[in-house]
Protein chains: 4
Amino acid sequence: MTAKQRFRSDIAWSTETNITVHGLDLCSEILGKVSLSDMAYLQIMGRLPTPPESRMFEALALTLVEHGLTPSAIVARMTLAGAPEAMQGAVAAGLNGLGSVFVGSMETAAKILQEAMLNQHEDTNVETMAKTIVQERLATKQSIPGIGHHMHKPIDPRTVRLFEIATELGFNGRYVSLMVAIGNQASEQLSKSLPVNATGAIAAIASELQIPWHIVRGIGVFSRAIGLVGHIVEETRNPMARQMKKMIETEALAHFQTDQP
Amino acid sequence: MTAKQRFRSDIAWSTETNITVHGLDLCSEILGKVSLSDMAYLQIMGRLPTPPESRMFEALALTLVEHGLTPSAIVARMTLAGAPEAMQGAVAAGLNGLGSVFVGSMETAAKILQEAMLNQHEDTNVETMAKTIVQERLATKQSIPGIGHHMHKPIDPRTVRLFEIATELGFNGRYVSLMVAIGNQASEQLSKSLPVNATGAIAAIASELQIPWHIVRGIGVFSRAIGLVGHIVEETRNPMARQMKKMIETEALAHFQTDQP
Amino acid sequence: MTAKQRFRSDIAWSTETNITVHGLDLCSEILGKVSLSDMAYLQIMGRLPTPPESRMFEALALTLVEHGLTPSAIVARMTLAGAPEAMQGAVAAGLNGLGSVFVGSMETAAKILQEAMLNQHEDTNVETMAKTIVQERLATKQSIPGIGHHMHKPIDPRTVRLFEIATELGFNGRYVSLMVAIGNQASEQLSKSLPVNATGAIAAIASELQIPWHIVRGIGVFSRAIGLVGHIVEETRNPMARQMKKMIETEALAHFQTDQP
Amino acid sequence: MTAKQRFRSDIAWSTETNITVHGLDLCSEILGKVSLSDMAYLQIMGRLPTPPESRMFEALALTLVEHGLTPSAIVARMTLAGAPEAMQGAVAAGLNGLGSVFVGSMETAAKILQEAMLNQHEDTNVETMAKTIVQERLATKQSIPGIGHHMHKPIDPRTVRLFEIATELGFNGRYVSLMVAIGNQASEQLSKSLPVNATGAIAAIASELQIPWHIVRGIGVFSRAIGLVGHIVEETRNPMARQMKKMIETEALAHFQTDQP
């Protein structure tokens, strides 16, 4: 920073002939040479990924792009119906719902894993760590994020695939083991099958990639932005927001037709 | 659609063991096999790109990720300062500004190109088409989007690079020629150098990729979402929103200290 | 502005002991003395309203607060379900849909009225003006905003009441007459009953209040913000977003259960 | 709810001739009869306020409308500059920043007051309660919301006025006393003057009005929506967002001109 400068940003700057992003020349070093996923990694981590990091990070992002008619997709479609001239507002509206409930569980899982690892000796057994984590959360009536799934049974297929890729690339380290152990401990203590779901798998692998837990949500945010643009494209071609609204209204206000005099 | 079904979506659905996106199995056909940029193409176009389409589309998206301290980046940072627990809201706020002025010029340029091509015989000279377009817009006092740049002179380096990649991959077709011709015509009619800028290059190449003009803005929206997450990461580590606010307030309210009794 | 000042705002400023808003002392001249609706008028028009303006403006705002389970209310509820810790994001998401389709029709109606009046002699007959407006819009296949209603028949009860208040307060001037004449002309030319709806009534009365058409949407925006907070309160007490989502998903993806092998 | 109904809303519904909101007929019982502030109270509390509740609630809302060039106002202006056709998006962007830092301190103060009162005998001395609260928060290194102000000294003039109105209307009860006691205790324990600020005053008075703490933020949200529309109106007439952006960019990137070779 210069002597009198009050704040500074180091991400990007331009001159008449060049644009520099995180120290790389946009035209000669990024365009046509870097993948979009690596660019996202660059934005988040401040450097380009190694080849294994690149493939692993891309798999995480891909998992988060599209989940069908989630609330965020419905929100984007309904918003577009009211403001078709402002597609950006429809995506913005959809992103606003990526909070503690949906994308947040991934963040909390990553936080649990990273804090546990930070506070433990390197040789502490992950089983022991998992046992403590599960016991403490159950004792304080907190949910255990990253395990179980209401639909995917007996196991979330994304977890299987993500852990397979992680193993291939050498990211099946202690965070992954701890996450699996948490699923096992929770299954045992709660006497039902609660294997690691996609959320937990992403949290564990993001931790292997040394992505700080408070940034993990960001991967969900930009990936879902890609997904929401897809829903907007379909909504434009095949509008359904009005029908959705009508169906909801009919259901929610049915009692006024029947209960009221 | 089934007999009584009121609306349907064809993007994605899940069963106990599978997640299908645009007809592809997420785990076996997408994760670890498709790039994030191809996934975005799949969401927008409903099919995976060919290899040249893939590289070309990725270059467009990359160009739009990061532009330094743009209004959308400042907006995301200031929003984060007020609600650090809701990073998704900061990205959403930033995206809301991607309207007719910033991202919209790309959309309008694509619209002009696509409508001109739709309404003309295949053998109409692009120079003739460009002349008409420029004359009509000047006559109706409309700006000509996609040409000139306040900083990058004599030419926007992104245009050079994007057109280079387009040539390499075989996307330097009639839309690109028309865009270049519009720049030339405008330069001539307005007697100043107005070469195609990044916005115009993206509009032309997106048209070569047969992306409908009203969807072009979507590429800007998801790419900027990636960029904004980067600004949020820097803001978290190196907060500057409060200093920005203070500087603005001091400037904007200076007259109350000096003009008022 | 001071000699070197680059920009200035005249809305509000603070000293150690005072806060001034539009020239009024917040504590001694606004709190406990001005109504919330008058404060909104002050923000928009830069001065406090006269008593009739005050009552008229308040009626307009009140009409726009609550419309039941509109898309914006559904959007706010679904967003809250994903991010219950960020109520502001749920309201923001809901507001994003107040574009050209919903709130925009009010804006367009006001624009038509204000531009017509601006371009005509004071003694031009409103019937003649209305005839021209309706003919021109039908000829160019543009909809006529502010008339007809899919549910409220034979007439929108809000129009009746708003025009009644306008008459009482002396705001039943030429804009109101022109709006009514447009409804009559459209009914005649399209051979069906298309009386002025709430949107048209608000557009006409806002014009009587000399509110520029491009600001009219703002009344809808802040009024709906009040309404959306109400929906968030109900959603918190009686959550229904998940059920809504389930219902939509079941309907939209029904074909995958029936059409697919 | 009807036998098979999956969810229901009780806020508003329409028939051909009537619109009912919280049990009141919009046209005959609300328009021209209820104030906008009372309508907001109705939306939040499900009933109209008594006259003292009405005046008190209105004073709270008024206090929150306008604070000058806050981050939310800057955000709304910058968003408008990029998307002038989508004013609703500019307000939405501005609202996204009303989180834990700005509006949230009001919420936290209300939570502290309401939880303390809930857990104590009615005759527990507020001084004792305040002492415990302050000690506990200092011991756990949590900030004490609702006290002190960086600019308004020796006391926030809004607090003085709000407490004056509260006294007049009979809302100077135990919550107000507890809030004042917290300010006193904090001043004593931290050896500096930390009187109740506007945030604390609103939290205390909202509690007197029996508004649940998790809804208090909602008052800030809709009030700021009114304020932001005001900033948008000024920005439209007197654009300053580009100048703001330029000033920030120049400052933040200064080191590239000076530090770099």
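Conventions and cut-offs
- Residues numbered from 1 in each chain as written.
- Chains lettered and ligands numbered in written order.
- Predicted model: local features only at pLDDT ≥ 70, side-chain atom pairs only at ≥ 80, totals over all residues.
- Helix = DSSP H or I, 4+ residues; strand = E, 2+ residues; numbered from the N terminus.
- Buried ≥ 20, exposed ≤ 12 C-beta atoms within 10 Å, placed from the backbone.
- Contact = placed C-beta atoms within 7 Å.
- Least-squares fit on C-alpha atoms with pLDDT ≥ 70 in both.
- Axes fitted to C-alpha atoms, helices over the stretch in contact; angles between N-to-C directions.
- Parallel < 35°, antiparallel > 145°, perpendicular 65-115°, else oblique.
- Nonpolar A, V, L, I, M, F, W, Y, C, P; charged D, E, K, R; others polar.
- Pairing = 2+ DSSP bridges.
- Left-handed = near helix turned anticlockwise from the far one by under 90°.
- pLDDT = per-residue confidence, 0-100.

1. Remarks on the overall build of chain A
- Assigned secondary structure in chain A consists of 13 helices and three strands.
- Looking at the 261 residues of chain A, the share that counts as buried comes to 58%.
- Considering only intrachain contacts with a sequence separation of at least 6, the fraction spanning at least 24 residues in chain A is 72%.

2. Details of the relation of the copies chain C and chain D
- Aligned on chain D, chain C shows an RMSD of 0.0 Å; the corresponding rotation is 180° and the shift along the axis is 0.0 Å. With respect to symmetry, the two chain copies, as superposed, fit the operation of a two-fold axis. No C-alpha of chain C approaches the rotation axis more nearly than that of A92 of chain C, which lies at 2.1 Å.

3. Thoughts on the relation of the copies chain C and chain B
- The transformation that overlays chain C on chain B combines an axial shift of 0.0 Å with a rotation of 180°, and the residual RMSD is 0.0 Å.
- Of the interface residues in chain C, 100% have counterparts in chain B that sit at the interface too, so the contact is made through matching surfaces.

4. Notes on the packing of helix α2 (residues 36–45) of chain A against helix α3 (residues 51–65) of chain A
Residue and element names in this part refer to chain A.
- Packing of α2 against α3 brings their axes to within 9 Å, and their N-to-C directions diverge by 95°. What the angle tells us is that α2 and α3 run roughly perpendicular. Taking contact as the criterion, the partners of S37, D38, A40 and Y41 in α2 are, on α3, S54, F57, E58 and A61.
- Looking at the contact of α2 with α3 residue by residue, the classes come out as four nonpolar, two polar and two charged.

5. As for the environment of R47 of chain C
- Within the secondary structure, R47 of chain C is located in the loop between α2 (36–45) and α3 (51–65).
- Given 12 C-beta atoms within a 10 Å radius, R47 of chain C is considered exposed.

6. Overview of the sheet that holds strand β3 (residues 24–25) of chain B
Residues and elements named next belong to chain B.
- Judged by pairing direction, the sheet is antiparallel, and its three strands sit side by side in the order β1-β2-β3 without closing on themselves. Across the chains shown, the open sheet's two edge strands, defined by having one partner strand only, are β1 (12–14) and β3.
- Note that β1 and strand β2 (residues 19–21) share three bridges and pair antiparallel. What sits directly across from S14, in β2, is I19.

7. Quick word on the sheet that holds strand β1 (residues 12–14) of chain C
- One open sheet holds the three strands; their spatial order is β1-β2-β3 (chain C), and the pairing between them is antiparallel. Pairing within the sheet leaves two strands with one partner each, and these edge strands are β1 and β3 (24–25) of chain C.

8. What about helix α2 (residues 36–45) of chain D?
- Burial within α2 of chain D is extensive, with nine of its ten residues counted as buried.
- Taken together, the buried positions of α2 of chain D are L36, S37, D38, M39, A40, Y41, L42, Q43 and I44 of chain D.
- Those residues of α2 of chain D hidden inside the fold are in contact with α2, α3 and α11 (213–237) of chain C together with α1 (26–30), α3 (51–65) and α11 (213–237) of chain D.
- Looking at the residues trailing α2 of chain D, positive phi occurs at G46 of chain D, about 80°.

9. Section: the interface of chain C and chain D
- Of the residues lining the interface, 75 residues belong to chain C; the matching set on chain D comes to 74 residues.
- Among the elements that line the side of chain C that touches chain D, the one with the most residues is α11 of chain C, at 16 residues.
- Of the residues assigned to the side of chain C that touches chain D, the class counts are 42 nonpolar, 23 polar and ten charged.

10. Some remarks on the packing of helix α8 (residues 157–169) of chain D against helix α10 (residues 198–208) of chain D
All names here are of chain D.
- Viewed as axis vectors pointing N to C, α8 and α10 meet at an angle of 20°, and their least axial separation amounts to 8 Å. Classified by the angle between their axes, α8 and α10 sit roughly parallel to one another. Of the two possible hands of crossing, α8 and α10 adopt the one that is left-handed. Residues R158, T159, L162, F163 and A166 of α8 pack against A198, A201, I202, I205 and E208 of α10.
- For the contact of α8 with α10, the residue count by class is seven nonpolar, one polar and two charged.

11. Description of the confidence of the model for chain A
- This prediction gives chain A a mean pLDDT of 94; 97% of its residues lie at or above 70.
- Under the prediction, the complex receives an ipTM of 0.95, its pTM being 0.96.

12. Some remarks on the interface of chain C and chain B
- Contacts between the two partners involve 21 residues from chain C, matched on the other side by 22 residues from chain B.
- Going through the elements one at a time, α5 (87–95), α12 (241–252) and α13 (254–258) of chain C are the ones with two or more residues in the side of chain C that touches chain B.
- At four residues, the largest contribution of residues to the side of chain C that touches chain B is made by α13 of chain C.

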